[in-house]
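The residues making up each chain are set out below.
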Amino acid sequence: MTDIVALLIIFGGIAFPFIAMPLLWRRMKRVRDATYREAKAKAVTQTAWEETAPRPDGLATTRRNDPNEALLDLGDRARHSRWPLTND
């Protein structure tokens, strides 16, 4: 009887990772996809702005922010892509 219990404990210890990891992997993919969908839905587009500051010599310094949506989308795709990177 003791031999059977020891054999079951050893077999369970060996089989557990092979049973648990696919289940955990599927859950991780499901949670990750839901998080990406939420992040995509909450994506806020930046607005262009311009700020002018006068200088003592009479000239003005102008700062501009004009976000490039195509470049931002490219970075977002890279952040959510598979690793290692592929050319898909």
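Residues numbered from 1 in each chain as written. Predicted model: local features only at pLDDT ≥ 70, side-chain atom pairs only at ≥ 80, totals over all residues. Heavy atoms only, no water.

### Brief notes about a nonpolar patch on the surface
We apply this condition: Note on patches: the residues involved have over 30% relative accessible area and no salt bridge, like charges join within 9 Å, and the nonpolar side chains Val, Leu, Ile, Met, Phe, Trp and Tyr join within 5 Å. All accessible areas in this document rest on Shrake-Rupley with a 1.4 Å probe, and a residue is counted as covered only by the protein chains that are shown. Salt bridge, as used here, is a side-chain nitrogen of Lys or Arg placed within 4 Å of a carboxyl oxygen of Asp or Glu. Only DSSP runs of H or I reaching four residues or more are called helices, and only runs of E reaching two or more are called strands; each is numbered from the N terminus.
A surface patch of nonpolar side chains, about 360 Å² in accessible area, is lined by Met1, Val5 and Ile9. By secondary structure assignment, the location of Val5 is in helix H1 (residues 2-41).

### Looking at the confidence of the model for the protein
Quick reminder of the rule: pLDDT is defined as a per-residue confidence score from the predictor, taking values between 0 and 100.
Scored by pLDDT, the protein has a mean of 81; 81% of the residues are at 70 or more. Per-element confidence in the protein ranges from a low mean pLDDT of 69 for helix H2 (residues 69-79) to a high of 89 for H1.

### Considerations on the pattern of salt bridges
Here the idea is simple: oppositely charged side chains can pair when their charged atoms come close. Put simply, the test is: The buried label goes to any residue with under 20% of its type's maximum accessible area, the exposed label to any with over 50%, and the partly exposed label to all in between, with areas taken from a 1.4 Å probe on protein chains only.
Within this structure, the stated rule accounts for four salt bridges. One salt bridge in this structure joins Glu51 and Arg63, with 2.7 Å as the shortest N-O distance. With Glu51 in strand S1 (residues 49-54) and Arg63 in strand S2 (residues 60-65), the pair connects residues that are twelve residues apart, well separated along the chain. What makes Glu51 partly exposed here is its relative accessible area of 38%. For Arg63, a relative accessible area of 48% corresponds to the partly exposed category. Asp57 is paired through a salt bridge with Arg55; the nearest N and O atoms lie 2.8 Å apart. On the basis of relative accessibility, which here comes to 39%, the residue Arg55 falls in the partly exposed class.

### What about the pairing of S2?
For the record, the criterion: Criterion used throughout: strands pair if DSSP finds at least two bridges between them.
Pairing between S1 and S2: six bridges, direction antiparallel. What sits directly across from Pro54, in S2, is Ala60.

### Examining a positive patch on the surface
Rules: Neither His nor the chain ends contribute to the count of charged residues, in which Lys and Arg are positive and Asp and Glu negative. Where a charge lies is defined by one atom per residue type, namely NZ (Lys), CZ (Arg), CG (Asp) and CD (Glu).
A cluster of basic residues, Arg26, Arg27, Lys29 and Arg30, forms a positive patch on the protein surface. Within the secondary structure, Arg27 sits in helix H1.

### Considering H1
Definition in use: Helix span, expected: 1.5 Å multiplied by one less than the number of residues in the helix. By definition, a residue's bend is the angle between the axes fitted to the seven residues ending there and the seven starting there.
Taking 1.5 Å of rise per residue, the 40 residues of H1 would be expected to cover 58 Å, and the 57 Å separating its terminal C-alpha atoms lies within 8% of that figure. If you look at H1, its biggest bend is around 35°, right at Ala15, and the proline Pro17 turns up within four residues after that. Counting buried positions along H1 yields two of 40 residues, so the element is predominantly exposed.

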